[in-house]
Structures are given as C-alpha cells and as structure tokens.
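Remarks on the overall topology
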Amino acid sequence: MRKFPKTQAVSISLEHLPISETSLKQICLDWEDKGYSYFRPAVVVGWKTEPLPLEKSRLELDLRVTLRFWQGLVAYVRPRWYFQKEKDKLTNILWDQIDSKNKKEKQNFLLELWNRFWKRPISLVWLDLEFIKVRMDLDLESEDLTTAHPLTYDGEKKVYIRRGYLKTIHYRWTKKEFKAPYPKFAEMYVKTRDKDNDKTLGKVYHSFLGYLLEAKSDEYLLRYFGFETLLSDTVRNQIPDQIWNLNRSPIKTQWIEPNLLGKELEFRTVYQVSTSSQNHLK
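Below: a short report on this structure. Along every chain, residues carry numbers that run from 1 in the direction the sequence is written. A pLDDT threshold of at least 70 governs which residues receive local features in this predicted model, and a stricter bar of 80 or more applies before side-chain atom pairs are shown or counted, although totals over entire chains, interfaces and linings include all residues. Excluded from the side-chain calculation are hydrogens and water; included are all heavy atoms of the structure.

What follows deals with the overall build of the protein. Think of it this way: any DSSP run of H or I at least four residues long counts as a helix, any run of E at least two long counts as a strand, and we number them from the N terminus. Within the protein, the secondary structure is distributed over five helices and twelve strands. Out of the 282 residues belonging to the protein, those deemed buried represent 38%. Partitioning the contacts of the protein with sequence separation of at least 6, the portion at a separation of at least 24 is 66%. With residues, only the protein chains shown are counted as cover, and all accessible areas are computed by Shrake-Rupley using a 1.4 Å probe. When the accessible surface of the protein is split by element, carbon and sulfur atoms take 53% of a total near 17,800 Å². The classification of residues rests on relative accessible area computed with a 1.4 Å probe and restricted to protein chains. Under 20% of the type maximum is buried, over 50% is exposed, and intermediate values are partly exposed. In this description, contact between two residues means that some pair of their heavy atoms is separated by no more than 4.5 Å.

Classification of ring pairs uses Phe, Tyr and Trp, with its six-membered ring standing for Trp, and accepts pairs whose centres are within 6.5 Å; under 30 degrees between planes counts as stacked, over 60 as edge-to-face, and the remaining range as tilted. Applying the stated criterion across every chain, the model contains ten aromatic pairs. Relative to Trp255, the ring of Phe131 lies with its centre 5.7 Å away and its plane at 75 degrees, an arrangement referred to as edge-to-face. On the criterion of sequence distance, the pair formed by Phe131 in strand S4 (residues 123–136) and Trp255 in strand S11 (residues 254–257) is long-range, its members being 124 residues apart. An angle of 20 degrees between the planes, with centres 5.4 Å apart, marks the rings of Phe185 and Tyr211 as stacked. Remark: Tyr211 occurs in strand S10 (residues 201–213) and Phe185 occurs in strand S9 (residues 184–195); sequence separation between them is 26 residues. Residue Phe185 shares its accessibility class with Tyr211, and that shared class is buried. Counting every residue linked through ring pairs, the aromatic cluster contains Trp126, Tyr160, Phe185, Tyr189, Phe208, Tyr211 and Phe227. Any Lys NZ or Arg CZ that is within 6 Å of a ring centre and within 35 degrees of that ring's normal is treated as a charge sitting over the ring. One residue, Lys176, lies across the ring of Phe178, its end atom 5.4 Å from the ring centre. One residue, Arg268, lies across the ring of Phe208, its end atom 3.9 Å from the ring centre.

This next bit is on helix H1 (residues 21–34). In this model H1 runs 20 Å from its N-terminal to its C-terminal C-alpha over 14 residues, within 8% of the 20 Å that 1.5 Å per residue would give. For H1, the full list of buried residues reads Glu21, Leu24, Ile27, Cys28 and Trp31. Viewed end-on, H1 has its buried residues packed into an arc of 115 degrees, placing them on one side of the element. Every exposed residue of H1 that faces more than 90 degrees away from the buried side is listed here: Thr22 and Asp33. Two residues or fewer past H1, Gly35 is found with a positive phi of approximately 80 degrees. Under the convention used throughout, the expected extent of a helix is 1.5 Å for every residue step, that is, one less than its residue count. Directions are taken from the helix axis to each C-beta atom, and the arc is the one they span.

With that settled, the discussion passes to the side chain of Arg58. Within the secondary structure layout, Arg58 lies in strand S3 (residues 56–66). Classification of Arg58 by relative accessible area gives buried; the value is 18%. Residues adjacent in sequence count toward polar contacts only when both atoms are side-chain atoms; beyond that, a polar contact is any pair of N or O atoms within 3.5 Å, and within protein one must be able to donate a hydrogen and the other to accept it. Only 3.1 Å separates the side chain of Arg58 from the side chain of Glu60, close enough to count as a polar contact.

Attention now moves to the pattern of salt bridges. It is possible for side chains bearing opposite charge to pair when their charged atoms get close. Any Lys or Arg side-chain nitrogen located within 4 Å of an Asp or Glu carboxyl oxygen qualifies as a salt bridge. A complete count under the given rule lists 15 salt bridges for this structure. The partner of Glu266 in a salt bridge is Lys203, with the nearest N and O atoms 3.8 Å apart. Separated by 63 residues along the polypeptide, Glu266 in the loop between S11 and strand S12 (271–272) and Lys203 in strand S10 bring together distant segments of the chain. Residue classification places Lys203 among the partly exposed positions, given a relative accessible area of 37%. Across the pair Asp233 and Lys216 runs a salt bridge whose closest N-O atoms are separated by 3.7 Å.

Right, let's talk about the pairing of S11 for a bit. Side chains Trp255 and Glu257 of S11 all project onto a buried face; the interleaved residues Gln254 and Ile256 project onto a face where none is buried. Pairing analysis gives four bridges linking S4 to S11, with the strands arranged antiparallel. Pairing of Leu127 across the sheet is with Gln254, part of S11. Where S11 lies against S12, two bridges are found, and the strand directions are antiparallel. Here, any two strands with at least 2 DSSP bridges between them count as paired.

Moving on to unusual backbone geometry. Cis rather than trans, the peptide bond between Ala180 and Pro181 has omega equal to 0 degrees. Tracing the chain through its elements places Pro181 in the loop between strand S8 (175–177) and S9. For Asp128, which is not glycine, the phi dihedral falls at a positive 45 degrees. As for its placement among the helices and strands, Asp128 is situated in strand S4.

With that out of the way, let us pick up the side chain of Glu219. Structurally, the position occupied by Glu219 is in the loop between S10 and helix H4 (220–224). By relative accessible area, which is 7% here, Glu219 ends up buried.

A few words now on the environment of Lys119. With respect to the helices and strands, Lys119 occurs in helix H3 (residues 79–119). Taking the C-alpha atoms as reference, Lys119 lies 9.0 Å from Trp173; in sequence the two are 54 residues apart. If we ignore the near neighbours within four places in the chain, the residues touching Lys119 are Tyr171, Phe225 and Gly226.

Structural data, given as structure tokens:
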C-alpha cells in the first residue's frame, strides 16, 4: 500500500518589513513565548531575521505542517499545488500577525503619549525645603549624564541636594495631596560642564540626576506618581542616610516648584509661598 506524506516542511518569508531587525527579533521572541498558536496545526521549528537598509528587515520562518489522510493524498497527487497553497495560507497568517502587532504598538505608543500628557507632574509643593551642598566620591555611569561632564575637585564631585516633605503633586487637571506624616522627598544634582561639539569649554551648571525617597524600597511609587527620572541603582546606593536628618520642628514653610521639565538647577527654581525661612536659596 502506498504511503502518503504525514508532514510537510514549508518555509515562508517577508521582505522589506518597515521594522528594525532588533524590534523584529523581539516580536519573534514574544511569539515564541506564546507558542505560535495562530499557525496551528503547523509548528514553527525555526526562524531568522536579516537587517535591510533604511531600518527595514527580512523575516523567515520554517514550519512543519501535519497532514491528515486526505491532505496527504492531495499533497502526494499534486505536490506543487498543495505546497504553494499551504505557503500562501501561512504567509497571509504571518502578514496578519505582523500587521496587528504594528497596529497594537502604535496604539500603545499613542496611549503612552496621552498618559504622559495628562499624568506627568507639572509642579510640586514642598514643606520645609532645605538645600544641601556636599562633596562626594560619587561614581557615575555613562547613562547618568549624556550631555555633560561631571566636574571633579580633589577626587570628589560637588553634589547639590534639595530635600523636604512632599505635600502636593499637581497634574494638568488633577492633583495628589499627601497628609501627615508627609513623605520625605529629595532631588539630586551634580556640578557639570557642557559637552561642546567644537571641543571648547562649555557652561558650568548643576545637572539634575533624579528623585529619591527616604526608603529606597518605596521608590517604585515615584513612577506611579508620574516621576520618570529616578536615580540609577549605582548612584542611589551611594547616598548616605544622613541626608534625611530633617528639621524636627513643626513645619513652617511651603514652597512651590513650577517647572519639573528642566534638567538644570537654574531652570528648576522654587518659590516660597508661606512665611519666611532661613532655608531660602541664596
């Protein structure tokens, strides 16, 4: 008795996809985690990507299709026709998955922009704000500062910290109010010089490094509150606990910081909105 094929190997590919190879690889890894369920009963046995010019790429999938008796019979009688039929079907499935992935990513991107617009803090209200200047043997990584050089004095860097109690976070339409005991909150800066393309000496200023709370384990809440700039673990682990030795007397002063987008101290100015204070920035 003649035996008909029970499986068939099919290779499909898409050329000039408007996706970088790095993104395309991540898409394939995500599909791999889900088991390529949309190809069933075909099974993906391998895939590869190839970078193409202009941020485009190529994707190739190798599949094994399980054939039932009548499918095996057709594949035996008309092998070319059946192979092309399976290849076209699987290619269309792949196109649909790529298209839906792109649409989903675009929707997620627009949603992220929308959330950023409405959920990004635009001003803060501090209580008993204090200003600290210290020198530290601070170890910074390349990603901590991308447009400036940290200045070093006798092997140490000049660090500027604003610390106090966080009372209010203002958003575009809403605000978040904290009640006593208010969270201890701080901003950190380091003295830097501009990286100028023409190799000349740039301006000296304090670069903003990020926000921190008294307990590092609580700092995941900062992203929930909309603060994107957090200290890297390398820097955070070097901050001494002594910076949180705040004045224990009853809270007397209130300050507002209206520009949270500035990356330099001079643009992130604060204004006292209550009684006079010895902590006023000089």
